[in-house]
Amino acid sequence: MIKDITRNKIDLKYILIVLIAVFLSTLFHELAHWCTGELLGNKMTASLNSVNLISGEYKHAWNRNVVTAAGPLFTILQAIVLYLLLNKYPKRELYPFLLFPLAMRFWAGLANLLGPNDEGRLGLSFGIGLLTISFIVCCFLFFLVYKSSKKHHFSLKFNLISFLLCSVFLIALSFINEYFKIKLI
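Keep in mind that what you see is a predicted model, and the values were worked out from it rather than measured. (Residues numbered from 1 in each chain as written. Predicted model: local features only at pLDDT ≥ 70, side-chain atom pairs only at ≥ 80, totals over all residues. Heavy atoms only, no water.)

Our next topic: the pattern of salt bridges. This structure, assessed with the given rule, holds 6 salt bridges. Between glutamate 93 and lysine 13 there is a salt bridge, with the nearest N and O atoms lying 3.4 Å from each other. In this pair, glutamate 93 sits in the loop between helix H3 (62–88) and helix H4 (95–111) while lysine 13 sits in helix H2 (residues 12–39), placing the two residues 80 residues apart along the sequence. Among the residues examined, glutamate 93 registers a relative accessible area of 26% and is labelled partly exposed. (Salt bridge = Lys/Arg side-chain N within 4 Å of Asp/Glu carboxyl O. Helix = DSSP H or I, 4+ residues; strand = E, 2+ residues; numbered from the N terminus. Buried < 20%, exposed > 50% of the residue type's maximum accessible area, 1.4 Å probe, protein only.)

In structure tokens form, the structure reads like this:
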């Protein structure tokens, strides 16, 4: 019982780990877009939560979908790797790196209603709708989180607070990026 109480404890250390998970996950998601665009020969610029072409047009039309898919694919890969790591090394400190991809893609999916982003643009490009790919991605990520949470006895309360922390830190990161116009590359 003591082990479960400690496992589900939200302390300052855990909150800082969530903050680090949000920052690093978002950074690497955006760098996946940027690297893919650059590798395809497009000049790109990156901020903390967006990547854009410098020239305004991709070298080839198909580059748009590949660059768009790179961020979510990296995020899905991150979740899979963390799911496997958590199975091998059941550490509470790893969990935010699995949970945050779900939070990130969930909010990105809802943001599609304001204007298409990654999965929304891909869905429209493939003719399967604005929310279809977001729904599939979120279901898959939820499955990984659910399986890991069940296996490691993370409580519903722990998950809800962790999801809320991920969401608050993601919103803060977005506002900081917009307010300070932070350019990474």
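Here the structure, examined in full by the defined rule, presents 0 disulfides. Here cysteine 138 is not disulfide-linked; the sulfur of cysteine 139 is the nearest cysteine sulfur, at 7.3 Å. Free of any disulfide, cysteine 166 has its nearest neighbouring cysteine sulfur in cysteine 138, separated by 13 Å. Classification of cysteine 166 as buried rests on a relative accessible area of 1%. (Disulfide = S-S within 2.5 Å.)

A few words now on H3. With 27 residues, H3 extends 39 Å from end C-alpha to end C-alpha; this agrees with the ideal 39 Å at 1.5 Å per step. Of all the bends in H3, the greatest reaches close to 30 degrees and is centred on alanine 70; the proline proline 72 follows between one and four positions later. (Expected span 1.5 Å × (residues − 1). Bend = angle between axes of the 7 residues up to and from the residue.)

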